[in-house]
Each structure stands twice: as structure tokens, then as C-alpha cells.
Amino acid sequence: MNTIDYLRISLIDRCNFRCNYCMPEGTELDYILHQDLLTFEELMILLKQVLIPVGFTRFRLTGGEPLLRPGIVDLVRGITALPETQDLALTTNAFLLANLAEDLYAAGLRRINISLDSLHPGTFNQIIGNRGRDRWQQVWGGIQVAHAVGFDPLKLNVVVIPGVNDHEILDLAALTLERCWHIRFIEFMPIGNGELFDHQGWIPSEELREKIRARWGLIEANVKGNGPADVFQIPGAQGTLGFISQMSECFCDRCNRMRLSADGWLRPCLLNEEGQINLKMALRQGVPTEMLRHWVQDLINLKPEINFKQRESGTLTGKYGRTMSQIGG
Ligand code: SAM
Ligand code: SF4
């Protein structure tokens, strides 16, 4: 059985973007009310008294857009100060990063993943649903500041959508030639915007690798991360290329993670709600943390049986009702 030691912590389900594959404009979402958010005090209690004692040592802050949550710098300081924390990372759209990067670094954060689906401001604005307001420049500025501040590794996430940004694969891959960045291509999943998925479909990672191989050659990189990416490198390049292939390849058997939603649900699988428990409610009802440890340990033991339900004959099919921003991507 895999060691389950990696927890993705969603700080908020709201976002300042409306990516068309995640939470497209016009979608009605039931946002978590302020009083229902897990407070940072509650989160620290859960980490210290429940989650770390059962084995979680590596954490990622995500959302929604985690930089929208006030107090995130103090939270980062709190988590990195815990002696058991082996790794803390952040996933962000970088729109607010330029002003926060230095403080986050000073608070102990070293690893950031930034979503950047296009190098063209027009396409980018179309994807993030802010037509008329050019946000690409501000995101690119945030990436530059993060790089200058010293975040390493700096990873850029690209969700590849046929007919939208797939023509940019080589340009995005070329960013790694001179920069020690990690570009990660993510297969589009039928979660969030089922209509776009039905209309555009998705591209298997191997197809992208073939394109890149034909242009420069491609070798396997000797890198082991926390996650499910298969990592490659263009020969002689400074950075690497990761491929996250949850559609074309089932990696449930090497999954090492659980997710904590912004309202306190601990769930063992991205696309399966079986077994999930609400740690915030239990804490507020006065359930002793010793009891919570047992519950979480039981869930960890059950995890190998809780997989992608929608997976049929090796591929993920069927749409999933909740968005990544609601679950905590
Ligand atoms: N707002 C932050 C961001 O965009 O980086 C963090 C949260 S976002 C939900 C986390 C990741 O989920 C992003 O890299 C995003 O591209 C990815 N994502 C969202 N919807 C997806 C989908 N339908 N298929 C594949 N990846 C998706
Ligand atoms: Fe927001 Fe991230 Fe979803 Fe885009 S992918 S809408 S930035 S939560």
C-alpha cells in the first residue's frame, strides 16, 4: 500500500478568474459561506493533533484561488514552522502573486505551481473569462517576481484543450530551453465544464510528447516529485516537462494524497465522495481530536478501495458534477 502522506488543502472555493474548463462564466456555484470556512486556527489544530500524527507531512495550499484568502502568509509561516512539515507548496493563478511573493518566501514557502494556459494574452483572456481586461501581463509579471524572489522549482501548469491552446505546446515547451522552469501539461478532465469537454475533447499526453520529440527529441528526466507527473526533458534544456495523464493512464494505484476542502471535508479521492468526513463539523461539535485521528486513520486504510468511480475500461468517462475549485484542485 502507498504511504498516504500528501494533503492538498483548499483555502477557499472562490476565484478571481473564470477559467472556461473549471468554473465558466455564468455557472451558478453554491459558494461556501464565510462562517462555514475552516478557520486557520481550526486548520492548525487539525494539522497538529490529527493529520500530522496519522502521517501527513507534505502539504499543498490550493483552492479556488488561495491568494484570495486573507492571512495566507501567516498560515504559511505556521505550517512551515511545524517540525514535521517536510514540504509545503502552493498552486495559484498568480494574478495576486507579484505583491505576495516576497512575503510568502520570507514565511518559508519555496515551491509554487502557477496555472498558465497560454502565452498569448488574447487566448489567455478568453480562457480565463475576463475578455476586455488584460490579465495575462499581470500573471506573467507575477511569474517573473516569483522567479526573481527565488522560488524553486517554479512549475507552470497547462491544461491542454484541443482547438483552444494545443497549438501552443511547442512554444510552452520551449520555455524550458533557457529557464529552469517545469512546464506540466495536464490532460483536460470531464470535471467543471462538461459541455466544453464534450465539444472539444482532450489530447493524450503521448500525442504531445510525439510533437515535442519530433521537434527537439525528448528524454526521461531523473526527477521524482510528490505527484503523478511523468517527467521528461528536451536534451540540453534547463527545465523539465511534466505530463499529468489522468485520462489516458490510471494512476490510482500510486496515489499518495487526500484533499481537505475549504469547509473541512477530508476526501480520499478527487472524483469519489465515498468515505469523506467533515473534520470541521466534528471539531466544532467537540469530538475529541483523538477520536478524529481514528476516523482519519480508518479512511487512510480504506483509500486503496476508493478510486475514480467513473473509470471504465481504463479511461475516465462520464462528467463529474463538482468543479475543481469546489473540491480543491
Ligand atoms: N486557482 C489555482 C490555479 O488555477 O492554479 C488553484 C486551483 S485550480 C482548481 C488547480 C488546478 O486544477 C489548475 O492547475 C487547473 O488548471 C486545474 N484544473 C481545473 N479544472 C480542470 C479540468 N477540468 N481538467 C484538468 N485540470 C483542471
Ligand atoms: Fe480559478 Fe484556478 Fe479554476 Fe481557473 S483553474 S477558475 S484560476 S480555480
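Preceding this paragraph is the structure being described.
Residues numbered from 1 in each chain as written. Chains lettered and ligands numbered in written order. Predicted model: local features only at pLDDT ≥ 70, side-chain atom pairs only at ≥ 80, totals over all residues. Heavy atoms only, no water.

(A) Molecular detail of the environment of isoleucine 9. Considering the arrangement of structural elements, one finds isoleucine 9 in strand β1 (residues 6-10). With a relative accessible area of 1%, isoleucine 9 lands in the buried category. Spatially, the C-alpha atom of isoleucine 9 lies 8.8 Å from that of methionine 258, the residues being 249 residues apart in sequence. In this view, isoleucine 9 contacts Leu43, Leu47, Phe59, Arg60, Leu61, Thr62 and Leu260; residues no more than four positions away in its chain are not counted. (Helix = DSSP H or I, 4+ residues; strand = E, 2+ residues; numbered from the N terminus. Buried < 20%, exposed > 50% of the residue type's maximum accessible area, 1.4 Å probe, protein only. Contact = heavy atoms within 4.5 Å.)

(B) Representation of the site of ligand 2. Taken together, the neighbourhood of ligand 2 is formed by Cys15, Phe17, Cys19, Cys22, Met23, Gly64, Asn93 and Ser325. A breakdown of the residues in the shell around ligand 2 according to their chemical character gives 5 nonpolar, 3 polar and no charged. (Near = heavy atom within 4 Å. Nonpolar A, V, L, I, M, F, W, Y, C, P; charged D, E, K, R; others polar.)

(C) The arrangement of the site of ligand 1 in detail. Inspection of the region around ligand 1 gives 19 residues, with Gly64, Ser115, Val159, Met189 and Ile191 positioned closest. Between ligand 1 and glycine 64 there is a distance of 3.0 Å, counted from a nitrogen atom to a backbone nitrogen or oxygen. Here asparagine 157 contributes a side-chain N or O atom positioned 3.3 Å from an oxygen atom of ligand 1. In isolation ligand 1 offers 550 Å² of accessible surface; the protein chains occlude 95% of this area. Taken together, the elements giving at least two residues each to the shell around ligand 1 come down to β3 (87-92), β5 (154-160) and β6 (181-187). Taken together, the residues that form the shell around ligand 1 break down as 8 nonpolar, 9 polar and 2 charged. (Polar contact = N/O pair within 3.5 Å; in protein donor to acceptor, adjacent residues only side chain to side chain. Areas by Shrake-Rupley, 256 points an atom, 1.4 Å probe, with all protein chains shown as cover.)

(D) How the structure looks around empty space enclosed by the protein. Per the counting criterion, the structure on display carries 1 cavity of 30 Å³ or more. Taken as a whole, the largest cavity spans an internal volume of roughly 30 Å³. As for the largest cavity, its lining consists of Ile9, Ser10, Leu11, Leu38, Leu43, Arg69 and Ala262. Classifying every residue of the lining of the largest cavity by side-chain character gives 5 nonpolar, 1 polar and 1 charged. (1 Å grid on protein atoms, 1.4 Å probe; cavity = no way out; pocket = protein on both sides within 12 Å on 5 of 7 lines; lining within 4 Å. Points joined across faces, edges and corners; volume = space filled by probe spheres on them.)

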